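Residues per chain are reported as follows:
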Protein chains: 2
Amino acid sequence: MNLQKRKELVEVALGKREADTVLKNGNLINVFSGEIYRANIYIYDKYIANIVECEADTINIGKNIIDVEGRFISPGFIDSHVHIESSHLTPVNFARAVLPKGTTTIIADPHEIANVLGVNGVKYMIENSKDVPMTQYYLIPSCVPSVVGLENAGAEFDDIEIEKMLDFPRVLGLGEVMDFVGVINQSDRMTKIVETAIKKGMFVQGHAPELSGNELSAYICGGPISCHETRSGQQASDKIRKGMYVDARESSISKNITSIVKNIKNMKSPRNLTLCTDDREPKDILEVGHVNDCVRVAVKAGLEPIEAIRATTLNTAQEYKLDKIGAIAPGYFADIVVLDNLVDFNVLKTFWHGKLVAENDKLTVEIKNPNLEIDTLNSVYINELSETDFKIKAPIENGEIKIEVLSYLTKERSVTDRKTVVVNVKDGFIDISKNTNLNFVAIINRHKSNNNIALAVVENFYLKNGGVGTTYSHDSHNLTIIFNKPNEALAIAQKIKELGGGIVTSENGLITGVLPFPIAGMLSNQPAEILSKEITEMNKILKKMGIETASPITRPTTLALIVIPNTKMSDLGLIDVKEQKIINLFN
Amino acid sequence: MNLQKRKELVEVALGKREADTVLKNGNLINVFSGEIYRANIYIYDKYIANIVECEADTINIGKNIIDVEGRFISPGFIDSHVHIESSHLTPVNFARAVLPKGTTTIIADPHEIANVLGVNGVKYMIENSKDVPMTQYYLIPSCVPSVVGLENAGAEFDDIEIEKMLDFPRVLGLGEVMDFVGVINQSDRMTKIVETAIKKGMFVQGHAPELSGNELSAYICGGPISCHETRSGQQASDKIRKGMYVDARESSISKNITSIVKNIKNMKSPRNLTLCTDDREPKDILEVGHVNDCVRVAVKAGLEPIEAIRATTLNTAQEYKLDKIGAIAPGYFADIVVLDNLVDFNVLKTFWHGKLVAENDKLTVEIKNPNLEIDTLNSVYINELSETDFKIKAPIENGEIKIEVLSYLTKERSVTDRKTVVVNVKDGFIDISKNTNLNFVAIINRHKSNNNIALAVVENFYLKNGGVGTTYSHDSHNLTIIFNKPNEALAIAQKIKELGGGIVTSENGLITGVLPFPIAGMLSNQPAEILSKEITEMNKILKKMGIETASPITRPTTLALIVIPNTKMSDLGLIDVKEQKIINLFN
């Protein structure tokens with residue numbers, strides 16, 4: 001706020017200058033005092049000038065007076081941890097989707113796009129969101145690639161590169177430090193990376209799944225301040241007690257808030273509980289909600305409404321040391337949400353920086369798409385391929401052989417194990433046509449750096465027929481294809497190259513479904529409403545092919561996630577996650 | 001913390017390296033979760049490495065294991081607003097006095113010494129406290145002098161000078177912005193000064209006595225974040241609701257905590273309530289306590305112990321955005337207090353940065369006095385004077401005349417009014433020998449800049465006989481002498497010049513009492529124990545002379561405080577505080 005604006009704001013507070021907007025007769029949720037009471041809110045320019053209890057109000061001047069008739073007035077919601085890429089929306093389209101849900105600020109970790117486009121990917125997210133009517137803060141991905149030496153992503157960030165990116169605009173610190181083993185063991189790479197942020201006095205986001213006790217203390221001593229990977233209430237309690245911000249998560253897949261809330265009931269107004277969405281699909285955002293849904297779930301689980309609102313406003317602002325947001329007070333940014341009630345948390349109006357940006361679930365402002373180079377860049381670099389590239393050469397010509405496979409434990413979760421199975425060999429190549437529950441899998445490096453192709457066999461993926469390929473494949477986002485026949489894999493690879501990325505299905509060499517992600521092979525250029533329908537369509541196709549999880553499109557995207565136990569795959573081959581080693585298919 | 005230290009701390013957390021100190025079997029007051037439970041605390045170097053619930057502890061290694069047998073363990077106390085000069089102790093002696101009371105961090109405003117020595121005064125406080133075993137943060141005084149043009153202090157700070165001082169070490173921002181009228185009216189001087197801190201992203205401390213409603217909102221919009229001038233609960237409520245940090249005060253004179261606490265009982269865990277001492281005399285610190293006494297008073301008034309502790313630890317750390325203090329958690333500084341119980345809040349042990357610094361009300365470490373130039377500088381610059389300098393010339397030679405006087409309203413409070421009284425004139429000079437309840441007063445500029453002497457008459461000061469002079473005289477700290485006979489004033493002025501400052505009494509030209517403040521005319525070089533006795537002695541003398549307030553030595557120190565209503569005095573003459581004008585003695 002410049003001097004002149006501050007002067008004008010002071011005048012509005014004194015009633016000597018007309019407010020731009022007056023929100024009258026709301027039930028103000030005061031996150032400082034923990035009270036709820038009737039008040040009028042005077043907004044000028046981007047800011048709140050004054051809050052006056054209704055019966056004491058003698059000002060009553062304003063260009064635009066909105067009577068909210070006893071509805072609840074909350075500070076705009078802050079998402080304490082989100083990957084925009086998980087929605088496959090561009091930052092602009094993401095803003096369009098979440099503003100009607102009351103989210104006015106996010107802290108995003110562009111970890112996915114960074115694995116593909118490196119520094120340019122991070123820049124893209126920041127530039128794309130430059131003029132959106134919401135506050136998008138960014139963190140610099142700390143673990144690109146997720147495990148050095150076991151996969152080839154599109155980039156590799158060291159401490160020097162990270163240090164430079166920490167100076168980019170709207171950057172608050174370091175994104176989730178997933179390599180918790182590296183922190184606890186104080187590996188050279190991780191300590192250096194964490195140090196870059198600490199010495200700049202910036203935020204260090206944690207990622208401490210299943211950590212507790214001494215190991216949790218050690219991780220915290222190592223630098224990370226927060227964690228969104230908390231599944232049980234016991235873990236939440238341990239983390240909150242130790243001063244770690246628990247960003248309780250309600251993503252499309254991981255629903256942790258209920259368990260966390262139920263297990264911290266003995267706590268009094270915990271200061272370091274926040275709420276986050278982490279990864280939400282567009283359909284969920286549109287139909288269920290965004291941070292407002294996290295609040296709803298928390299309250300349903302037993303958290304007092306005032307504490308749930310605090311969690312997603314003031315607590316988060318304090319977590320990231322954000323000034324003048326997260327509360328409704330004089331001098332604060334007028335980021336305000338009007339809610340129907342304190343059960344459903346449906347958002348009737350969203351104000352960002354004093355402007356009404358959404359009303360009754362619809363945007364009320366035009367948000368322009370910036371034109372950036374990356375929007376039209378094809379990021380899928382793969383060579384000419386042939387069917388033979390998708391056949392696994394066996395060490396024998398014909399007969400039976402034991403092969404190491406990656407085996408899913410359940411239909412829903414991404415946890416896998418290693419297993420030895422017996423398969424046929426025909427003319428020197430592995431033949432799985434007799435083994436139900438087996439599929440082939442290919443990971444094709446699709447980045448500029450190399451042309452690796454790794455092949456293997458996966459069990460319990462449940463792809464009855466055909467093949468599916470995706471360039472959105474955590475964390476390196478190489479092209480992952482699960483298939484039954486080589487001609488299916490080839491067709492998919494060719495189509496995906498043409499599209500510049502996406503999810504594609506094939507049967508017998510014919511393309512049966514297409515979900516384009518032309519931006520970095522992971523983002524659609526469509527708004528949430530259209531993309532959501534496209535995803536629903538693709539999910540139907542995948543379901544028919546045999547993938548019966550709640551969200552079929554996410555099933556292939558975690559096969560190459562080599563930080564999830566116990567056996568995964570990269571462009572270098574099958575990976576033993578715990579041992580951090582490549583597994584030979586044939587022993 | 002450097003990389004190597006962090007590595008070692010991680011090892012201690014894991015139980016792989018011996019802790020320096022283990023505090024065993026304490027009842028940990030967890031300010032994050034609002035819980036109290038048994039835990040062992042592992043300390044290494046300056047930091048906390050681990051906190052383990054007693055029954056779950058399997059580490060049990062440490063060089064020094066201290067069993068605290070169920071005593072309460074709190075984060076070290078933080079004083080959210082204090083003027084060290086009010087104790088007349090040097091920063092080093094102040095540390096010696098407050099550490100046994102559990103205060104490990106203070107945010108000090110060196111406003112008083114700045115009025116005398118300017119930038120050098122601020123530097124002195126910072127340098128004197130350089131090696132104390134506590135954390136002394138400083139704010140840069142914003143209102144030197146308190147009102148420009150109405151008095152001549154030893155310095156005048158403009159925004160340019162303040163901007164430079166904001167870069168001094170351990171400086172967090174701008175000290176109390178007392179000129180609230182200037183902020184509300186957006187005066188050029190105050191807006192510029194406030195802007196210096198805001199544009200550096202630094203703290204702006206407020207001072208908003210009696211402000212509420214629209215004016216309070218306007219003041220907050222103008223920049224200040226906090227206020228320690230809150231006397232009533234209603235004001236506290238208004239301020240807390242508006243996001244202002246309420247630094248609830250319990251000074252030697254102003255006891256506001258009880259009223260504040262009683263009136264915010266409907267609030268749920270207010271986030272922006274903190275506690276402060278503002279001005280405490282050494283006797284109070286030694287006998288009653290310091291911040292621990294604020295906590296005691298708050299709890300007695302009905303605040304839950306956990307909230308009282310939060311107020312003076314986590315809340316204050318958040319107020320000033322201080323990292324890694326204000327809580328007991330891994331990676332935090334080991335600033336820890338062991339308390340007897342949650343009623344008396346007597347401090348059994350104080351740890352600062354991992355070191356036991358006080359135990360059973362005694363320091364356990366040696367704290368050295370740095371030798372600085374200002375320690376031996378005589379800051380009292382006054383010319384040779386004669387008795388005539390202390391006689392008020394009347395516009396008539398003999399008879400009676402009406403004169404404007406400064407009249408105290410009560411024996412205790414510093415509020416005054418203007419009054420017209422009739423006095424005798426004898427040989428051209430005012431003669432008050434017939435008027436009981438009248439005394440003379442002289443304000444002598446004692447700074448380098450000029451030699452002004454202002455004379456006037458004061459009513460209801462109750463100095464039955466003799467005179468008292470002080471160089472500790474808010475805010476410009478000119479030499480203030482209240483007296484009955486000119487020879488008393490002269491003797492006092494001469495003695496004070498010789499001492500380099502202090503409080504001196506005289507009767508009939510003979511010195512009857514001396515309390516030396518040789519440093520800047522406001523600080524003793526004695527420790528609290530000795531100074532406290534000296535003050536008691538001086539108080540006895542003043543009481544005998546007729547000053548019967550609770551703290552007689554403070555009575556003369558506010559006569560020249562030209563920001564307190566309604567009539568005060570400066571080296572320029574009688575001042576109408578509200579009109580901000582000089583009053584002619586004779587109309």
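This structure is a prediction, so every number in the text was calculated from the model and none was measured.

Colleague: Just to check I follow, could you spell out the overall build of chain A for this structure?
Modeller: Counting its secondary structure elements, chain A contains 16 helices and 29 strands. In terms of overall size, chain A behaves like a compact globule, its C-alpha atoms giving a radius of gyration of 25 Å where 587 residues would be expected to give roughly 25 Å. Expressed along its principal axes, the backbone C-alpha trace of chain A runs to roughly 90 × 50 × 40 Å. Residues classed as buried in chain A amount to 66% of the 587 residues present. In chain A, 64 side chains carry a positive charge and 74 a negative one; their mean positions are 2 Å apart.

Colleague: Where do I start with the sheet that holds strand 29 (residues 581–583) of chain A in this structure?
Modeller: Residues and elements named next belong to chain A. On the basis of which strands lie adjacent, the open sheet formed by 3 strands has the order 27-28-29 and antiparallel pairing. Every other strand in the sheet has two partners, leaving strand 27 (567–570) and strand 29 as the edge strands with one partner each. Neighbouring strand axes in the sheet, compared pairwise and without regard to direction, differ in orientation by 45° on average. Summarising the sheet, strand 27 and strand 28 (residues 573–576) pair through 4 bridges and their orientation is antiparallel. Following the sheet pairing, Ser 570 is matched in strand 28 by Gly 573.

Colleague: Sorry if this is basic, but what is going on with the relation of the copies chain B and chain A here?
Modeller: What relates the pair of chain copies is a rotation about an axis plus a shift along that axis. For the pair chain B and chain A, the best superposition has an RMSD of 0.0 Å and corresponds to a rotation of 180° with a translation of 0.0 Å parallel to the axis. Here the symmetry operator amounts to a two-fold rotation axis. When each C-alpha of chain B is compared by its distance to the rotation axis, Ser 269 of chain B comes out closest, at 3.3 Å. Here 100% of the interface residues in chain B have copies in chain A that are interface residues too; the copies meet face to matching face.

Colleague: Is there a simple way to think about the sheet that holds strand 26 (residues 510–516) of chain A in this case?
Modeller: Hydrogen bonds between backbone atoms are what pair the strands of a sheet, whose relative direction is either parallel or antiparallel. Residue and element names in this part refer to chain A. Taken in spatial order, the 9 strands of this open sheet run 20-19-18-22-21-24-23-25-26, and their pairing is mixed. In this open sheet, the two strands that pair with only one neighbour each are strand 20 (429–431) and strand 26. On average, each strand axis in the sheet is inclined to that of its neighbour by 35°, with strand direction left out of account. Bridge count between strand 18 (residues 399–408) and strand 22 (residues 453–459): 2 bridges; the pairing is parallel. Bridge pairing in strand 22 links Ser 407 to Glu 459. Strands in contact with helix 15 (residues 486–499) are strand 23 (467–470), strand 24 (479–483), strand 25 (502–507) and strand 26; relative to strand 25, the strand with the most contacts, it is inclined by about 150°. Docked against the sheet, helix 16 (residues 528–545) engages strand 23, strand 25 and strand 26, running at close to 145° with respect to strand 26.

Colleague: What should I look at first to understand the packing of helix 1 (residues 3–13) of chain A against helix 8 (residues 213–221) of chain B in this one?
Modeller: The description of two helices packed together rests on the angle between their axes and the distance between the axes. Axis separation between helix 1 of chain A and helix 8 of chain B bottoms out at 8 Å; the angle between their running directions is 170°. The orientation of helix 1 of chain A relative to helix 8 of chain B falls into the category roughly antiparallel. Every residue of helix 8 of chain B that contacts helix 1 of chain A at Arg 6, Leu 9, Val 10 and Ala 13 of chain A is listed here: Asn 214, Ser 217, Ala 218 and Cys 221 of chain B. Residues that form the contact of helix 1 of chain A with helix 8 of chain B fall into these classes: 5 nonpolar, 2 polar and 1 charged.

Cut-offs applied
- Residues numbered from 1 in each chain as written.
- Chains lettered and ligands numbered in written order.
- Predicted model: local features only at pLDDT ≥ 70, side-chain atom pairs only at ≥ 80, totals over all residues.
- Heavy atoms only, no water.
- Helix = DSSP H or I, 4+ residues; strand = E, 2+ residues; numbered from the N terminus.
- Rg over C-alpha atoms; globule rule 2.2 N^0.38 Å.
- Buried < 20%, exposed > 50% of the residue type's maximum accessible area, 1.4 Å probe, protein only.
- Lys, Arg positive; Asp, Glu negative; His and termini not counted.
- Charge placed at Lys NZ, Arg CZ, Asp CG, Glu CD.
- Pairing = 2+ DSSP bridges.
- Axes fitted to C-alpha atoms, helices over the stretch in contact; angles between N-to-C directions.
- Least-squares fit on C-alpha atoms with pLDDT ≥ 70 in both.
- Contact = heavy atoms within 4.5 Å.
- Parallel < 35°, antiparallel > 145°, perpendicular 65-115°, else oblique.
- Nonpolar A, V, L, I, M, F, W, Y, C, P; charged D, E, K, R; others polar.

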